[in-house]
There are 2 protein chains.
Amino acid sequence: MEEISRAKSFGGVQSVWRAQSVKLRSPTRFGVFLPPGEGPFPALFWLSGLTCTEDNFIAKAGAQRAAAEHGFAIIAPDTSPRGEGVATDPAGAWDLGLGAGFYVDATEAPWAAHYQMYSFVTEELPTLIAGSFPVDPARFGIFGHSMGGHGALVAHLRHPTKFRSCSAFAPIVAPSQVPWGRNAFSAYLGENPAHWAEYDATALVRRAPSAAHVLIDQGAADQFLERELRPDLFAQEAVIAGQQVTLRRHEGYDHSYFFIASFIDDHIAWHAAALRD
Amino acid sequence: MEEISRAKSFGGVQSVWRAQSVKLRSPTRFGVFLPPGEGPFPALFWLSGLTCTEDNFIAKAGAQRAAAEHGFAIIAPDTSPRGEGVATDPAGAWDLGLGAGFYVDATEAPWAAHYQMYSFVTEELPTLIAGSFPVDPARFGIFGHSMGGHGALVAHLRHPTKFRSCSAFAPIVAPSQVPWGRNAFSAYLGENPAHWAEYDATALVRRAPSAAHVLIDQGAADQFLERELRPDLFAQEAVIAGQQVTLRRHEGYDHSYFFIASFIDDHIAWHAAALRD
């Protein structure tokens, strides 16, 4: 594991690391923000959206201020494997392959060899972080944006004791039902939608709601809202299943990091309250 | 004038505009953040550092939160002319030519044709902004980073009633005395250092201090501190000349936007206090 960069930020340290991932069979990068103090700190895992690397959240979300204030670490992995031998979309699409791992363990060729983002994010990375940084594994939360909101909801619902708190910005909540998700899942998981349910938050919450109270923020001017995101589908199932969820609609906000930055403080405070005990 | 992008941010709007500049004889871009409300708003002009476009500050500084809170507009121009016919450094240097206008009006070929950033920033842009956005020209302030801190100090000292408040992050304060400044000024203004003094904050403050109280923040771990920045040179002359200046040294902080973001709130509050009347 090698430190790529390091900068003091709000009294803490924002660093970027490179490690060889066993699951991804490739080198991978992730950001680590540590607040001031000695720890062990509660930690939030941030999952980014399509086209992102680890850098987008680190540079644009403005999360370090509130993380420093609440004494939280934030771990921000890349969104896909990258590098030699890693499959890419032959058509060069931005919603499949590099930057678009969709946080699943691919079962189909050519993706299965490296696209194991689910195992990486839910197993390998938390273990690596817990072993290398002053964090408290009993107080891990997860959050994300768009494709990463999907990943966060799925990871929380399937591992509610590992990732005890969960929130999302403009998440894809029902990938089995929308074009981005159907396209990616067909490639990564095969054409049989029965194999997709383990990665579909709306299907998962129906079967196994968590004890947490999930926060979802959604911009009303988000260009992907109606076609790809549909947080209402998740909220409806959550209500039926008894999953506590708060879905906030914000007039005028789009899908960008300007939206995320505007409400990131609320999310960190939300996790801080949930992980206080 | 054409709007390139627009996103809601902290209840206000962050937009980016393209306009044809008379002074630069090229199209140019600038960011405009408007806080919530009707205005007219006090406005801060932000000048960025070497290699930046208008985007760095907009995306990375996290200024919109405090600007919204204090009801401030922020205008963030590009750092040089760009486009067809605009001279570039034949050696491809990142500290001369594109992204490195140094906020001077060049007198030397080939730069003089387009590199008129001083007139653009201090005359054309404020006039354009005052005519197009709900801002109060009686309450303009200026701030910047590195090369842009130099630009902000010079613009304030030469136009203390147009830019009534001034602050800087890690500014180049004595360009006539340091490698970056000497290299750029030789190219843009000619080899005679006597022609450089109008763009040298340390020389200017000696001759004509302003009535404002200037805030300078400097990271102690900044890799350019000793060779290029030397804020102590300005502070010494300021004290002798009777210019009020606060120079804060921050242990562990480097030259990056992580440093800027960590203290941007203080700067906006500083300008808000100065422009309150």
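Residues numbered from 1 in each chain as written. Chains lettered and ligands numbered in written order. Predicted model: local features only at pLDDT ≥ 70, side-chain atom pairs only at ≥ 80, totals over all residues. Heavy atoms only, no water.

Details of the overall build of chain A
Along its length, chain A carries nine helices and nine strands. Taken over the C-alpha atoms alone, chain A extends approximately 50 × 45 × 35 Å along its principal axes. When burial is assessed residue by residue, chain A has 60% of its 277 residues classed as buried. In chain A, once contacts between residues fewer than 6 apart in sequence are set aside, the share between residues at least 24 apart is 72%. Only carbon and sulfur atoms are counted for the fraction: they give 52% of the accessible area of chain A, which is about 10100 Å². A distance of 3 Å separates the average location of the 21 positive side-chain charges in chain A from that of its 29 negative side-chain charges. (Helix = DSSP H or I, 4+ residues; strand = E, 2+ residues; numbered from the N terminus. Buried < 20%, exposed > 50% of the residue type's maximum accessible area, 1.4 Å probe, protein only. Contact = heavy atoms within 4.5 Å. Areas by Shrake-Rupley, 256 points an atom, 1.4 Å probe, with all protein chains shown as cover. Lys, Arg positive; Asp, Glu negative; His and termini not counted. Charge placed at Lys NZ, Arg CZ, Asp CG, Glu CD.)

Observations concerning the packing of aromatic side chains
All names here are of chain A. Enumeration over the complete set of coordinates arrives at 40 aromatic pairs over all chains. Aromatic rings pair up to connect W46, F57, F143, F169, Y253, F259 and F263 into one cluster. The positively charged end of R158 is found above the aromatic ring belonging to Y199, 5.1 Å away from the centroid. (Phe/Tyr/Trp six-rings, centres within 6.5 Å; stacked < 30°, edge-to-face > 60°. Lys NZ or Arg CZ within 6 Å of the ring centre and 35° of its normal.)

Things to note about the interface of chain B and chain A
The interface of chain B with chain A comprises 22 residues on the first partner and 22 residues on the second. Overall, the association of chain B and chain A removes approximately 1600 Å² of surface from exposure, summing both partners, and the carbon and sulfur fraction of that is 58%. At the surface where chain B touches chain A, the tally comes to zero salt bridges. At the boundary of chain B and chain A, one finds eight residue pairs in polar contact (both at pLDDT 80 or more). Going through the elements one at a time, β1 (2-9), α1 (55-60), α2 (64-70) and α9 (257-274) of chain B are the ones with two or more residues in the side of chain B that touches chain A. If you tally residues by element for the side of chain B that touches chain A, the top one is α9 of chain B, at five residues. A per-class count over the side of chain B that touches chain A returns eight nonpolar, seven polar and seven charged. (Buried area = accessible area lost by both parts, 1.4 Å probe. Salt bridge = Lys/Arg side-chain N within 4 Å of Asp/Glu carboxyl O. Polar contact = N/O pair within 3.5 Å; in protein donor to acceptor, adjacent residues only side chain to side chain. Nonpolar A, V, L, I, M, F, W, Y, C, P; charged D, E, K, R; others polar.)

So, the sheet that holds strand β3 (residues 26-34) of chain A
Residues and elements named next belong to chain A. Strand order in the open sheet made by the nine strands is β1-β2-β3-β5-β4-β6-β7-β8-β9, with mixed pairing throughout. The strands lining the two open edges of the sheet, one partner per strand, are β1 (2-9) and β9 (244-250). Averaged over neighbouring strand pairs, the angle between their axes works out to 20 degrees when direction is ignored. Against the sheet, helix α4 (residues 147-158) touches β4 (41-47), β6 (135-145), β7 (165-169) and β8 (213-219), its axis set at about 140 degrees to β6. Of the strands in this sheet, β8 and β9 touch helix α8 (residues 231-241), which is tilted by about 150 degrees from β9. (Pairing = 2+ DSSP bridges. Axes fitted to C-alpha atoms, helices over the stretch in contact; angles between N-to-C directions.)

Some points on the pairing of β8 of chain A
All names here are of chain A. The element β8 is largely enclosed, with a buried count of six among its seven residues. Across three bridges, the pairing between β7 and β8 is parallel. Bridge pairing in β8 places F169 opposite D217. Taken together, the seven bridges between β8 and β9 define a ladder with parallel strand orientation.

Things to note about the relation of the copies chain B and chain A
Turning chain B through 180 degrees and shifting it by 0.0 Å along the axis lays it on chain A, with an RMSD of 0.0 Å. The symmetry that links the two subunits is that of a two-fold axis. Ranked by how close their C-alpha atoms come to the rotation axis, the residues of chain B are headed by K60 of chain B, at 2.6 Å. Residue by residue, 100% of the interface of chain B is reproduced at the interface of chain A, so both copies engage with the same surface. (Least-squares fit on C-alpha atoms with pLDDT ≥ 70 in both.)

Let's talk about α9 of chain B
Residue and element names in this part refer to chain B. For α9, with 18 residues, the first-to-last C-alpha span of 24 Å sits near the 26 Å given by 1.5 Å per residue. Along α9, the largest kink reaches about 50 degrees and is centred on F263. Among all positions of α9, only Y257, F259, I260, A261, S262, F263, I264, H267, I268, H271 and A272 are buried. Between a side-chain oxygen at the N-terminus of α9 and the backbone nitrogen of F258 the separation is 3.1 Å; the capping residue is S256. (Expected span 1.5 Å × (residues − 1). Bend = angle between axes of the 7 residues up to and from the residue.)

Section: the sheet that holds strand β8 (residues 213-219) of chain B
To summarise the sheet geometry, strands pair through backbone hydrogen bonds and adopt either a parallel or an antiparallel arrangement. Spatial strand order, β1-β2-β3-β5-β4-β6-β7-β8-β9 (chain B): nine strands in an open sheet with mixed pairing. Of all strands in the sheet, those bounded by a partner on one side alone are β1 and β9 (244-250) of chain B. Here the strands of the sheet are splayed against their neighbours by 20 degrees on average, with no regard to which way each runs. Bridge count for strand β3 (residues 26-34) of chain B against strand β5 (residues 73-77) of chain B is four bridges, and the pairing is antiparallel. Counted as the bridge partner of F33 of chain B is I74 of chain B from β5 of chain B. Across the face of the sheet, helix α9 (residues 257-274) of chain A comes into contact with β1 and β2 (12-21) of chain B while running at roughly 25 degrees to β1 of chain B. Helix α3 (residues 117-132) of chain B contacts β2, β3, β4 (41-47), β5 and β6 (135-145) of chain B of the sheet and is inclined by roughly 135 degrees relative to β6 of chain B.

A look at the side chain of D222 of chain A
On the secondary structure map, D222 of chain A appears in the loop between β8 and α7 (225-229). Engagement of the side chain of D222 of chain A in a polar contact is seen with the side chain of Q218 of chain A, the distance being 3.2 Å.

Re unusual backbone geometry
Residue P40 of chain B follows G39 of chain B across a cis peptide bond; omega there is 0 degrees. Residue A109 of chain B is joined to P110 of chain B through a cis peptide bond whose omega torsion reads 0 degrees. Within the secondary structure, P110 of chain B sits in the loop between β5 and α3. Notably, R25 of chain A is not glycine yet its phi reads approximately 50 degrees, a positive angle. Accessibility expressed as a relative area gives 53% for R25 of chain A, which makes it exposed. Backbone geometry at S146 of chain B places phi at a positive 60 degrees, although glycine is not the residue there. Tracing the chain through its elements places S146 of chain B in the loop between β6 and α4 (147-158). For S146 of chain B, a relative accessible area of 2% translates into the label buried.

A closer look at α3 of chain B
E124 of chain B marks the point of greatest bend in α3 of chain B, at about 35 degrees, and the proline P126 of chain B comes within the next four residues. Within α3 of chain B the residues assigned to the buried category are M117, Y118, S119, F120, V121, T122, E124, L125, P126 and I129 of chain B.

Focus on the pattern of salt bridges
In this structure the tally under the stated criterion is 28 salt bridges over all chains. When the shortest N-O distance is used, the salt bridge between D78 of chain A and R82 of chain A registers 2.5 Å. Notably, a salt bridge pairs R139 of chain B with D136 of chain B, separated by 2.8 Å at the nearest N-O pair. A relative accessible area of 18% means that D136 of chain B is categorised as buried. Residues joined by salt bridges that share partners form a network here, namely R158, E198 and R207 of chain A.

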